[in-house]
Amino acid sequence: MKIAIIIGSTRPGRKGEAVAQWVHDIAAKRGDAQYEIVDIADFTLPHIDEPFPPMMGRYSQPHSHVWAEKIASYDGFVFVTPEYNHAPNGALKNAIDFLYAEWNHKAAAFVGYGVSGGVRAVEHLRLILANVAMATVRPQVELSLIHDFAEMTHLTPGAHQEAAVGAMLDDLALWVGALKPAREARIAA
Ligand SMILES: Cc1cc2nc3c(=O)[nH]c(=O)nc-3n(C[C@H](O)[C@H](O)[C@H](O)COP(=O)(O)O)c2cc1C
């Protein structure tokens, strides 16, 4: 099982990178899947510039193919998401919008961060991902800018947060493990 930990923010000075690294450090100790960090910023995606809806699978731009190939290689995802104006940030939404089949019938989990733990961004993401046929697990990690970041800047997660990541990854691994053979059987049929 391969699970990507996706850094949603592409902003210079973003907190997302430290959050993703912290999640990866916890996940890497588990041994139930191969966990990798995927940084949207590395793919320099423009605002979606495809002439056909991704659902049609007719990608035309080289960057779409590169992004599609990367996402297709994973069985599940942890979305590390900031909250911008009570929603996920635009770069993450755009990166999701670019693809369709590569997300289908896979499982996702969320690590949100913000003044209120990024909960509103995560709720939006659950709705968005439902439309690309992803299953989203119930447990989520909510990092408070006030309590889990020193001076609202440096990640200093509370002691309970590592257990929260563990509970989230337990469910994610369960669902990724259940969906992978089902997806493969459907492709083979
Ligand atoms: C455009 C913008 C809008 C924001 N809106 C919210 C918000 O609605 N709720 C919130 O908790 N934090 C909000 N913030 C603060 C972010 O949570 C904080 O800047 C965080 O560090 C952003 O994540 P990043 O550094 O990984 O990009 C906003 C920040 C930006 C840049």
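Residues numbered from 1 in each chain as written. Predicted model: local features only at pLDDT ≥ 70, side-chain atom pairs only at ≥ 80, totals over all residues.

Undergrad: Please clarify how the packing of helix H1 (residues 16–28) against helix H5 (residues 160–188) should be interpreted in this entry.
TA: Helix-helix packing: each pair is described by the crossing angle between the helix axes and the interaxial distance. Remark: H1 packs on H5, axes separated minimally by 10 Å, with the N-to-C direction vectors making an angle of 65 degrees. Relative to H5, H1 is oriented so that their crossing is right-handed. Where H1 abuts H5, its residues Val-23, Ile-26 and Ala-27 lie against Glu-162, Val-165, Gly-166 and Leu-169. The residue inventory of the contact of H1 with H5, partitioned by class, reads five nonpolar, one polar and one charged. (Axes fitted to C-alpha atoms, helices over the stretch in contact; angles between N-to-C directions. Helix = DSSP H or I, 4+ residues; strand = E, 2+ residues; numbered from the N terminus. Left-handed = near helix turned anticlockwise from the far one by under 90°. Contact = placed C-beta atoms within 7 Å. Nonpolar A, V, L, I, M, F, W, Y, C, P; charged D, E, K, R; others polar.)

Undergrad: Explain the pairing of strand E4 (residues 106–114) here, please?
TA: A regular strand carries its side chains on alternate faces of the sheet. Counted residue by residue, E4 has nine buried out of nine residues, so it is predominantly covered. Of the two faces of E4, the one lined by Lys-106, Ala-108, Phe-110, Gly-112 and Gly-114 and the one lined by Ala-107, Ala-109, Val-111 and Tyr-113 are each fully buried. Sheet analysis places strand E3 (residues 76–82) next to E4, joined by seven bridges and oriented parallel. Across the sheet, residue Val-78 finds its bridge partner in E4, namely Ala-109. (Buried ≥ 20, exposed ≤ 12 C-beta atoms within 10 Å, placed from the backbone. Pairing = 2+ DSSP bridges.)

Undergrad: So what exactly am I meant to see when it comes to H1 here?
TA: Since there are 3.6 residues in each turn of an α-helix, residues three or four apart along the chain are aligned in direction. In this model, H1 (13 residues) spans 18 Å end to end at C-alpha, consistent with the 18 Å of a helix rising 1.5 Å per residue. All buried positions along H1 are accounted for by Gly-16, Val-19, Ala-20, Trp-22, Val-23 and Ala-27. Viewed end-on, H1 has its buried residues packed into an arc of 160 degrees, placing them on one side of the element. (Expected span 1.5 Å × (residues − 1). Arc of directions from axis to C-beta.)

Undergrad: Explain the site of the ligand to me, please; I cannot follow it from the model alone.
TA: Near the ligand there are 14 residues, and of these Ser-9, Arg-14, Pro-82, Gly-114 and Val-115 occur at the shortest range. Among the residues forming the shell around the ligand, the class breakdown is four nonpolar, six polar and four charged. (Near = placed C-beta within 6 Å.)

Undergrad: I keep staring at the nonpolar core and nothing clicks. Help me out?
TA: General note: in soluble globular proteins, nonpolar side chains tend to be found buried as a group. Judged by nonpolar contacts, the single largest core of 49 residues is most densely connected at Ile-5, Ile-6, Val-23, Val-78, Val-80 and Leu-172. Considering each element in turn, this core owes the most residues, seven residues, to H5. Not counting chain neighbours up to four residues away, the residues in contact with Val-23 comprise Ile-5, Val-78, Val-80, Val-111 and Val-165. (Core = buried A, V, L, I, M, F, W, Y, C linked by C-beta atoms within 7 Å.)

Undergrad: Whenever I open this one, the pairing of strand E2 (residues 34–39) confuses me. Can you help?
TA: Taken together, the six bridges between strand E1 (residues 2–7) and E2 define a ladder with parallel strand orientation. Bridge pairing links Ile-3 to Tyr-35 in E2. Handedness of the E1-H1-E2 crossover: right-handed. (Right-handed = clockwise from strand over helix to strand, strands pointing away.)

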